[in-house]
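Notes for the structure review
Each chain is listed here by its residues.
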Amino acid sequence: MTTVCYRPEGLDQLEAQTNFSKQELQILYRGFKNECPTGVVDEDTFKHIYAQFFPHGDASMYAHYLFNAFDTTNNGSIKFKDFVVGLSTLLRGTMREKLEWTFYLYDINRDGYINREEMTEIVRAIYDMMGKYTYPALKGDVPQQHVDAFFQKMDKNKDGMVTLEEFIIACQEDETMMRSMQLFENMM
C-alpha cells in the first residue's frame, strides 16, 4: 500500500489567504509535517496530538469538535491549508472572524444556530478535557448552570437558539469574553 502525501499550495498563496508571513508558514509547515508526515491529519491523529496538551483530562470529545471546525471540507481530514487558515483566524483574525469561527465550533450540527443540546455537549467536553483541575469542581448540575447562563446572556429573543448575530453581540458586550478572545494574539 502506498502512502499518498499531500503537498500544500504555494507559500505565496497561503500568505495571501492567512495573516502569517512566509517564514511563519515555513515554521508551521515543518511542525505540521513532523507530526503528520503525509501532510494530512485524520481525526484520531488530531485527538492524540491534542490530548497531549490536557494530560489530566479526556480531551477526545472537545478535540472531535475542534477537528470538525478545522475540517471545513467535511472530508474527515485536515490539510495544512485548513489548519493554517483556521489558526490564522484564531490568532490574527479580526474580532468578528474569531467570534464567527468560535460560533462555527459550537454549532455542532451546522444548522446556523447553537441550541441547548449543542452547548451542553460543548460544556461537558470542556469539563472532561480539564479533568480533575476543573473549577468549579464538576458536580451534576454545573454544566447545566453554565448552559443556562450562556442562554440567558446570548439568546436575546428567548427562542431557545442562539444565532450568529446574537452570539457576536453578546460576546462584544462581555469584557471577559473579549479579553479571552485576545489571549492568543501575540503568539508566534
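Details of the structure are given in the entry above.
Residues numbered from 1 in each chain as written. Predicted model: local features only at pLDDT ≥ 70, side-chain atom pairs only at ≥ 80, totals over all residues. Heavy atoms only, no water.

1. Description of the overall build of the chain
- Scanning the chain from terminus to terminus reveals ten helices and four strands.
- Secondary structure elements of the chain, listed N to C terminal, follow the sequence α-α-β-α-α-β-α-α-β-α-α-β-α-α.
- For the chain, with 188 residues in total, the buried portion stands at 38%.
- Surface summary for the chain: the accessible area is close to 10900 Å², and the carbon and sulfur share equals 55%. (Helix = DSSP H or I, 4+ residues; strand = E, 2+ residues; numbered from the N terminus. Buried < 20%, exposed > 50% of the residue type's maximum accessible area, 1.4 Å probe, protein only. Areas by Shrake-Rupley, 256 points an atom, 1.4 Å probe, with all protein chains shown as cover.)

2. Considering the pattern of salt bridges
- Within the structure shown, the criterion is met by nine salt bridges.
- For Arg92, the salt bridge is made with Glu24, and the minimal N-O distance between the two is 2.8 Å. Of this pair, Arg92 sits in helix α5 (residues 80–92) while Glu24 sits in helix α2 (residues 22–35), and the two are 68 residues apart along the sequence.
- We classify Arg92 as partly exposed; its relative accessible area is 24%.
- The residue Asp148 makes a salt bridge to Arg116 at a minimum N-O spacing of 2.9 Å. Separated by 32 residues along the polypeptide, Asp148 in helix α8 (residues 142–154) and Arg116 in helix α7 (residues 116–130) bring together distant segments of the chain.
- Judged by relative accessible area, Arg116 falls into the partly exposed class, the value being 33%.
- Through salt bridges with shared partners, a single ionic network connects Arg96, Glu100 and Glu165. (Salt bridge = Lys/Arg side-chain N within 4 Å of Asp/Glu carboxyl O.)

3. Points about unusual backbone geometry
- Despite not being glycine, Asn74 shows a phi value in the positive range, around 55 degrees.
- Within the element layout of this structure, Asn74 appears in the loop between α4 (60–70) and β2 (77–79).
- For Lys158, which is not glycine, the phi dihedral falls at a positive 55 degrees.

4. Structural notes on the nonpolar core
- Counting residues in each nonpolar core, the largest one holds 48 residues, and the members touching the most others are Met119 and Phe167.
- No other element matches the seven residues that α4 contributes to this core.
- Those residues within four positions of Phe167 in sequence are excluded, and the remaining contacts are Leu99, Thr102, Phe103, Tyr106, Ile114, Phe150, Met154 and Val162. (Core = buried A, V, L, I, M, F, W, Y, C linked by side-chain atoms within 4.5 Å. Contact = heavy atoms within 4.5 Å.)

5. Quick notes on the packing of aromatic side chains
- For the coordinates displayed, the defined rule picks out 14 aromatic pairs.
- Ring plane angle 10 degrees and centroid distance 6.1 Å describe the contact between Phe46 and Tyr50, whose orientation is recorded as stacked. Taken together, the positions of Phe46 and Tyr50, both in helix α3 (residues 43–51) and four residues apart, correspond to about one turn of that helix. Across the pair, Tyr50 and Phe46 agree in class, each one buried.
- An aromatic cluster of at least three residues, connected via ring pairs, comprises Tyr29, Phe32, Phe46, Tyr50, Phe54, Tyr62, Phe67, Phe70, Phe80, Phe83 and Trp101.
- Between the NZ or CZ atom of Arg110 and the centre of the ring of Tyr104, over which it lies, the distance is 3.6 Å.
- If you follow Arg116 out to its NZ or CZ, it ends over the ring of Phe151, 4.7 Å from the centre. (Phe/Tyr/Trp six-rings, centres within 6.5 Å; stacked < 30°, edge-to-face > 60°. Lys NZ or Arg CZ within 6 Å of the ring centre and 35° of its normal.)

6. Section: helix α9 (residues 164–172)
- Of all the residues in α9, the buried ones are Glu166, Phe167, Ile168, Ala170 and Cys171.
- As for α9, its buried residues are in contact with α6 (95–106), β3 (113–115), α8, β4 (161–163) and α10 (175–182).

7. Some details on the side chain of Thr120
- Along the polypeptide, Thr120 turns up in helix α7.
- A polar side-chain atom of Thr120 sits 2.8 Å from the main-chain carbonyl oxygen of Arg116.
- When neighbours within four sequence positions are excluded, Thr120 is seen to be in contact with Gln144 and Val147. (Polar contact = N/O pair within 3.5 Å; in protein donor to acceptor, adjacent residues only side chain to side chain.)

8. Overview of the environment of Thr102
- Tracing the chain through its elements places Thr102 in helix α6.
- Of the residues examined, Thr102 reaches a relative accessible area of 12% and is grouped as buried.
- Between the alpha carbons of Thr102 and Ile168 there is a distance of 9.8 Å; along the sequence they are 66 residues apart.
- Those residues in contact with Thr102, other than ones at most four positions away along the chain, are Phe167 and Met181.

Shape descriptors only; they carry no functional weight alone.
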